[in-house]
Amino acid sequence: MCGIFAYTGQNGKDAAKVLLDGLVSLEYRGYDSAGIFTPESGVIKTPGAVAELRKRVPKKYSGKSGIAHLRWATHGEPTKVNAHPHGSGAIWLVHNGIIENFKELKKKLVTKGHAFVSDSDTEILAHLIEEHLKRERSFEKATLKALKEVRGTYGVAIQYKGEPEKLIAARMGSPIVLGIGKGEHFIASDPSPILKHTKKVLFLNDGEVAVLTPKSHTVYKLSKEIVHRMPEELDWSAEEAQKGGYEHFMLKEIMEAPEVVVNTLRGRLIPEKGMAKLGGLEAVAKELANIERIIIVACGTAYYAGLIGEYMLEEFAGIPVEVELGSEFRYRSPVLNQRTAVIAISQSGETLDTLEAVREGKRKGALTLGIVNAVGSTIARETDAGVYNHAGPEIGVASTKAFVSQLIALALFTIFLGRQREMSVKTGREIAKELKALPKKLEKVLAGRKEFEKFAKKYKNARDFLFIGRKYNNPVAFEGALKLKEISYIHAEGYGAGEMKHGPIAMIDKDFPTFAIATKDSVYEKNVSNIHELKARKGPVIVLATEGDKEIAKLADDVVYVPKTLEMLSPILNVVPLQLFAYYFAKGKGLNPDRPRNLAKSVTVE
Ligand code: G6P
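These numbers come from a predicted model, not from an experiment. Every chain is numbered independently, its residues counted from 1 as its sequence is written. Given that the model is predicted, a residue must reach a pLDDT of at least 70 before its local features are reported, and side-chain atom pairs must reach 80 or more before they are shown or counted; all residues, however, enter totals for whole chains, interfaces and linings. The basis for every side-chain value is the complete set of non-hydrogen atoms in the structure, without hydrogens or water.

K.L.:
Is there a simple way to think about the pairing of strand 1 (residues 3-9) in this case?
P.N.:
Within a regular beta strand, the side chains point alternately toward one face of the sheet and then the other, so they alternate between its two faces. Buried residues are those whose accessible area, probed at 1.4 Å on protein chains only, stays under 20% of the maximum for their type, while exposed residues exceed 50% and partly exposed ones sit between those limits. Runs of E in the DSSP output that reach at least two residues are strands. Runs of H or I that reach at least four are helices, and both are numbered from the N terminus. Summarising burial for strand 1: seven of the seven residues are buried, a large majority. Taking every second residue as pointing to the same face, both faces of strand 1 are buried, with G3, F5, Y7 and G9 on one and I4, A6 and T8 on the other. In this structure, strand 1 lies alongside strand 4 (residues 65-71), joined through six bridges in antiparallel fashion. Bridging across to strand 4, Y7 finds its partner in G66. When DSSP locates at least two bridges between a pair of strands, those strands are taken to pair.

Given below as structure tokens:
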């Protein structure tokens, strides 16, 4: 994610103050390190967020223009040296996104004598522009040339000491908005830091570059063609701007699912070979080829992702898997050895019970791995190797997009370990192909989100809710119930559809609704039988079904359709309607889904 803010003005305002004040409203986008640069006073960087940066900025630090950044690490640990701005000679820049071909670009630049100080992919871009500047002798031309060589995503703000009043912004996949003031201009990742200076903004599209001075702004395409687009007036509050116009972070994060899938997959699939390329596992690839057993440890939503991972890994990689709650694992006496891999799944990378489970694994000689979203977090540091989710910061306490990215990471793990063993190229290719198709399918699911507002209204008086599913969608039922409990405080239970007869069905009557996951898969018929059983007890049933399944509509009180996908990947599509249902249910009750009572985003105590 990361937050970018840049300023140039001629009204006598101090750029350093404008930038530091503005960064505060971007803190939700990243908070592991921060930095500022003005051509007059130079660069200051630090791990931590804005408060840390303020402590390090001396009183006399100032400027008429400058760039600033809050980082959410993707490549490289969240250290001072990896913090932005990054520079090379007279070029300084701040970046949001991932430069995929950074390794090959770095190699070329090293042969030309460039020396790098950080592990960051961003530093490469500063060197590349500087390299072109030697020949082009124009800041704009050099930047355009460099941007054309870069593959991946970027939202950038760039400054050149030789023309301190000028800023260049560019966008490819990561948001950039320009603030158009009187005698001043701004660049930011979202309008929140701009709005108190001007309401006039111009959103850049992918492939556009803007050149700003205090008095002028010009937008180009990468092909140099000028773009004529009028700025728009925004009447958003700063808070609305942070949420991208959505009412809550939770909804914004649910809506980010397609983008999250793209980001978790980026650069990690070799579809034609049916393989997964996981850089973080390279160092332990040999050990992984020899492991005989996997234990997944996690808590909360991450634990349910683990249960789905168990099904994936056992079916397609043929490795025995157990899934354990961190809080249980650490207190019993698990039997482990060097042929066991302990995989910790954690969004924050800081959940104490999961961390202690990793430590227990280490003590007993197991290979420890992480599927972690927060780069440089304790679990990421203490495990032997791992895969980062690249889902961006998750602000809503109830985890949504992180769950989607955990399932994608587990699917990649499954291909990686499966292809080291018996999985055929054909199966690998099929999974890879379907993974690539998921973002479009998720967009379709999300487009129907208004339906859930209706359901939330219809079922608003329910005091209890049952969620049922089988096989891959059994844990999805658990997750659906957890979401509803967390943010709407009503009693919800997730159950394996087959277990319903062993207890929960006793509770069913006309006031006890069920959300049944019955998409077309290998257990479809069984699920249909269970829905019949619920209907025979007059229980209202909402069914999650596969597009085109008209039969099930006759049986259900309400139906939600999702596109068809591979059974092992179906939880990725099926969980989103359950997240939306919980969101609208809580909202309908007048509750704030972003701030559920009694819950914390990251549980670092027992
Ligand atoms: C808390 C959060 C949950 C999360 C769980 C595990 O309970 O409220 O949303 O799933 O912790 O957190 P982790 O950061 O380890 O994934």
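Next comes the rest of the write-up.
K.L.:
Sorry if this is basic, but what is going on with the side chain of E208 here?
P.N.:
You can see E208 is positioned in strand 12 (residues 208-212). At 2.8 Å, the side chain of E208 forms a polar contact with the side chain of R229. Contacts are residue-level and defined by heavy atoms, with any inter-residue pair within 4.5 Å sufficient. Those residues in contact with E208 that sit more than four places away from it in its chain are A169, A170, R171, F203, V219, Y220, V227 and R229. Identification of polar contacts relies on pairs of N or O atoms within 3.5 Å, with a donor-acceptor requirement for protein atoms, meaning one able to donate a hydrogen and the other able to accept it, and with residues adjacent in sequence counted only if both atoms are side-chain atoms.

K.L.:
Looking at this model, I keep getting lost on the pattern of salt bridges. Mind explaining?
P.N.:
Side chains that differ in sign of charge can pair as their charged atoms come close. Salt bridge, as used here: a side-chain nitrogen of Lys or Arg that lies within 4 Å of a carboxyl oxygen of Asp or Glu. Here the structure, examined in full by the defined rule, presents 39 salt bridges. Between K134 and E131 there is a salt bridge whose closest N-O contact spans 3.0 Å. Of this pair, K134 and E131 both sit in helix 4 (residues 122-136), three residues apart, which is roughly one turn of the helix. The class of E131 is buried, set by a relative accessible area of 7%. Across the pair K145 and E136 runs a salt bridge whose closest N-O atoms are separated by 3.1 Å. A single network of salt bridges, built from pairs that share partners, joins E247, K450, E453 and K587.

K.L.:
Explanation requested: the site of the ligand in the structure shown.
P.N.:
Not every one of the 14 residues close to the ligand is listed here, only the nearest: T301, S346, Q347, S348 and T351. S346 places a polar side-chain atom, nitrogen or oxygen, 2.6 Å from an oxygen atom of the ligand. Here S399 contributes a backbone N or O atom positioned 3.5 Å from an oxygen atom of the ligand. For the area figures, the Shrake-Rupley method with a 1.4 Å probe applies, and any residue is considered shielded solely by the protein chains shown. Here the ligand, which alone exposes 390 Å², has 90% of that area covered by the protein. Considered class by class, the residues forming the shell around the ligand number five nonpolar, seven polar and two charged. In this text, near means that some heavy atom of the residue lies within 4 Å of the molecule or strand in question. Any residue that is not Ala, Val, Leu, Ile, Met, Phe, Trp, Tyr, Cys, Pro, Asp, Glu, Lys or Arg is counted as polar, Gly included; the first ten are nonpolar and the last four charged.

K.L.:
Is there a simple way to explain the packing of helix 17 (residues 474-488) against helix 20 (residues 570-588) in this structure?
P.N.:
Helix-helix packing: each pair is described by the crossing angle between the helix axes and the interaxial distance. Axis angles are defined between N-to-C directions and span 0 to 180 degrees, where every axis is a line fitted to C-alpha atoms and, for a helix, only to the segment in contact. Contact geometry for helix 17 and helix 20: axes closest at 9 Å, N-to-C directions at 20 degrees. Classified by the angle between their axes, helix 17 and helix 20 sit roughly parallel to one another. Seen along the crossing, helix 17 lies across helix 20 with a hand that is right-handed. Contacts between helix 17 and helix 20 involve V476, E479, G480, K483, L484, I487 and S488 from the first element and P571, N574, V575, L578, Q579, F581, A582, Y583, F585 and A586 from the second. When the residues that make up the contact of helix 17 with helix 20 are grouped by side-chain class, the tally is eleven nonpolar, four polar and two charged. Should an angle fall under 35 degrees it is called roughly parallel, over 145 degrees roughly antiparallel, and 65 to 115 degrees roughly perpendicular, with every other angle called oblique. The hand of a helix crossing depends on one turn: near helix anticlockwise from the far one by less than a right angle means left-handed, and clockwise means right-handed.

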